[in-house]
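In case you want the letters, here they are:
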Amino acid sequence: MKMAAIAVRPLTLKKMEALGFSLMIVVAVLMAAAVWGGSHRFQEDVVLNSGEYYLYTLNGHQWSTVYFSIKSTGPVTICITDGTGVEMLKSGEGPLCFFKAEGLTSIEKIWRFPEKGPLYLVLVPAPGTRQARVSITVKSGLVLW
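Everything in this summary refers to the structure shown in the same document. Since we're looking at a predicted model, the values are computed, not measured.

Conventions adopted
Residues numbered from 1 in each chain as written. Predicted model: local features only at pLDDT ≥ 70, side-chain atom pairs only at ≥ 80, totals over all residues. Heavy atoms only, no water. Helix = DSSP H or I, 4+ residues; strand = E, 2+ residues; numbered from the N terminus. Buried < 20%, exposed > 50% of the residue type's maximum accessible area, 1.4 Å probe, protein only. Contact = heavy atoms within 4.5 Å. Phe/Tyr/Trp six-rings, centres within 6.5 Å; stacked < 30°, edge-to-face > 60°. Patch = residues over 30% accessible without salt bridge, like charges linked within 9 Å, V, L, I, M, F, W, Y side chains within 5 Å. Areas by Shrake-Rupley, 256 points an atom, 1.4 Å probe, with all protein chains shown as cover. Salt bridge = Lys/Arg side-chain N within 4 Å of Asp/Glu carboxyl O. Core = buried A, V, L, I, M, F, W, Y, C linked by side-chain atoms within 4.5 Å. Disulfide = S-S within 2.5 Å.

## Focus: the overall build of the protein chain
Next, step 1: Within the protein chain one finds two helices and six strands.
Next, step 2: Tracing the protein chain from N to C terminus, the helices and strands come up as α-β-β-β-α-β-β-β.
Next, step 3: The buried share of the protein chain, reckoned over its 145 residues, is 33%.
Next, step 4: Pairs at least 24 residues apart make up 80% of the contacts formed inside the protein chain by residues separated by at least 6 positions.

Here it is as structure tokens:
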């Protein structure tokens, strides 16, 4: 009479497999929460008259990116600056910009934060522009690579 042989793996290996699977689930849930919780979308249409500016606050970290799309009926200057740059702008000086594009009527850009925010997206009509109608779309979030 032959007896059936049953192979049983050591109990510690089963525990390690269960722990690994549990850790994978926890990491997946945390990554999903970070991506969806850290993402933001904003869209607005504004009218800028000569001498005015538009200011939008961007929040993020060094691993964040911001996508912006700006379409305008007149040329505008686009600047991403920090609080010091905003204070310079309010005092009548030109702001120091991490990113600057002058005299554009259309731009699409993906830009990575150089430092922890808040930073500010500033739109200023180009000199000689009486009025510009501007459509702004901003999306921001985490980059996982």
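## So, the packing of aromatic side chains
Next, step 1: What the rule picks out here adds up to two aromatic pairs.
Next, step 2: Taken together, a centroid distance of 5.9 Å and an interplanar angle of 50° make the contact between Trp 111 and Phe 113 tilted. A single burial state applies to Trp 111 and to Phe 113, both of which are buried.

## So, a nonpolar patch on the surface
Next, step 1: On the surface, Phe 21, Met 24 and Ile 25 cluster together into a nonpolar patch covering about 340 Å² of accessible area.
Next, step 2: Classification of Ile 25 as partly exposed rests on a relative accessible area of 43%.

## Describing the nonpolar core
Next, step 1: One finds Phe 68, Ile 70, Ile 78, Leu 121, Val 134, Ile 136 and Val 138 to be the most contacted residues of the largest nonpolar core, which totals 24 residues.
Next, step 2: Residue assignment for this core shows that the elements contributing at least two residues are strand S1 (40-49), strand S2 (54-58), strand S3 (64-81), strand S4 (99-112), strand S5 (119-125) and strand S6 (131-142).

## Thoughts on the state of the cysteines
Disulfides are covalent bonds that link the sulfur atoms of two cysteine residues.
Next, step 1: For the structure on display, the rule yields one disulfide.
Next, step 2: Disulfide pairing is shown between Cys 79 and Cys 97; the S-S distance is 2.0 Å. Note on the Cys 79 and Cys 97 pair: the S-S dihedral is about -110°, so by sign convention the disulfide is left-handed. In this pair, Cys 79 sits in strand S3 while Cys 97 sits in the loop between helix H2 (83-90) and S4, placing the two residues 18 residues apart along the sequence.

## Overview of the pattern of salt bridges
Next, step 1: Under the definition given, this model contains one salt bridge.
Next, step 2: One salt bridge connects Glu 102 with Lys 100, and the closest N-O pair in it is separated by 3.6 Å.
Next, step 3: Residue Glu 102 is classed as exposed on the basis of its relative accessible area of 57%.
Next, step 4: Among the residues examined, Lys 100 registers a relative accessible area of 46% and is labelled partly exposed.

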